[in-house]
Amino acid sequence: MSRTAVISVLIVILTVTGAFFGSCRRVDNVVYSEFANFDSEGWDPVCVLPFSPWPMDSILNPTDRFDLILTLRYAPNHASSEIPLEIMEEDENGVCGTNRVTVRLRDKNGKPRGRKSLYLYEISDTLRHRIQLSDGYVVNIASLSPLSNTRGLRNLGLTLALTTNN
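Only a predicted model underlies this, so the values are computations on that prediction, with no experimental measurement involved. (Residues numbered from 1 in each chain as written. Predicted model: local features only at pLDDT ≥ 70, side-chain atom pairs only at ≥ 80, totals over all residues. Heavy atoms only, no water.)

Looking now at the sheet that holds strand S3 (residues 66-74). Ordered in space as S1-S9-S3-S7-S6, the 5 strands form an open sheet in which the pairing is antiparallel. A single partner strand is all that each edge strand has here, and the edge strands are strand S1 (30-37) and strand S6 (115-116). Where S1 meets strand S9 (residues 153-162), 7 bridges bridge the pair, whose relative direction is antiparallel. Looking at the pairing, Asn37 lines up with Asn155 of S9. (Pairing = 2+ DSSP bridges. Helix = DSSP H or I, 4+ residues; strand = E, 2+ residues; numbered from the N terminus.)

Okay, the pairing of S3 next. With 8 of its 9 residues buried, S3 lies for the most part within the structure. Of the pairings in the sheet, the one linking S3 to S9 comprises 9 bridges and is antiparallel in character. Pairing of Phe66 across the sheet is with Leu162, part of S9. (Buried < 20%, exposed > 50% of the residue type's maximum accessible area, 1.4 Å probe, protein only.)

Paired through their backbone hydrogen bonds, the strands of a sheet run either parallel or antiparallel. Ordered by their spatial adjacency, 4 strands build an open sheet running S2-S8-S4-S5, and the pairing between neighbours is antiparallel. Each of the sheet's edge strands pairs with one partner strand only, and the pair in question is strand S2 (49-51) and strand S5 (94-104). Along the sheet, successive strands turn relative to each other by an average axial angle of 20°, direction set aside. Of the strand pairs in this sheet, strand S4 (residues 82-91) and strand S8 (residues 138-143) are connected by 6 bridges, and their pairing is antiparallel. Of the residues in S8, the one forming a bridge with Glu90 is Val138. (Axes fitted to C-alpha atoms, helices over the stretch in contact; angles between N-to-C directions.)

Right, let's get into the nonpolar core. Judged by nonpolar contacts, the single largest core of 31 residues is most densely connected at Leu105, Ile141 and Leu156. Elements with a contribution of two residues or more to this core: S1, S2, S3, S4, S5, strand S7 (121-131), S8 and S9. Ignoring anything within four residues of it in the chain, the contact list for Ile141 reads Trp43, Cys47, Val48, Leu49, Phe51, Leu70, Leu85, Glu86, Ile87, Leu156 and Leu158. (Core = buried A, V, L, I, M, F, W, Y, C linked by side-chain atoms within 4.5 Å. Contact = heavy atoms within 4.5 Å.)

All told, the structure shown has 5 salt bridges when counted by the stated rule. Across the pair Glu122 and Arg73 runs a salt bridge, and its minimum N-O distance is 2.6 Å. Placement of the pair is Glu122 in strand S7 and Arg73 in strand S3, with a sequence separation of 49 residues. Residue class for Arg73 comes out partly exposed when judged on its relative accessible area of 25%. For Glu82, the salt bridge identified is with Arg104, shortest N-O distance 2.3 Å. Note that Glu82 is positioned in strand S4 and Arg104 in strand S5, a separation of 22 residues in sequence. For Glu82, a relative accessible area of 35% translates into the label partly exposed. Residue classification places Arg104 among the partly exposed residues on the basis of a relative accessible area of 42%. Three or more residues joined by partner-sharing salt bridges are found here, namely Arg73, Arg115 and Glu122. (Salt bridge = Lys/Arg side-chain N within 4 Å of Asp/Glu carboxyl O.)

Among the secondary structure elements, Ala142 is positioned in strand S8. In this structure, the C-alpha to C-alpha distance between Ala142 and Val48, residues 94 residues apart in sequence, is 4.7 Å. Leaving out residues up to four positions away in the same chain, Ala142 has contacts with Trp43, Val48, Pro84, Leu85 and Glu86.

Okay, here's the thing in structure tokens:
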């Protein structure tokens, strides 16, 4: 085999190895992220959003702890000042707990809160810290607002992040 052929084979091997290991890297320790989108009319309160936040990473230890993060993205020109939500967690043994959370989209002066992109704002809040997942873990999120109050919401998502020791 010529020297050029050996170098070419080594470059291909290194490229494939780098792509494989690079694709397994986590960003901000996120192991799960899913979003539900809304149309321009908003979020119908009859529509309960189910999420099954379970890490897809096979190298995780069953004793790992996670942070559960809620994210709302909204258009500031239509969104109300706050969105009340009901969050129900359950596993294969039944309901684990139900909480009511109010996400404040505007500050006391009426200015949009959160990170701004070109047209939308994004606001995130950690719902639970250092949770241990149980089999069949599901999170259902319902709006406690009339449809007109959720106009301007573009999507809602849940993120599961591996808790760090910081």
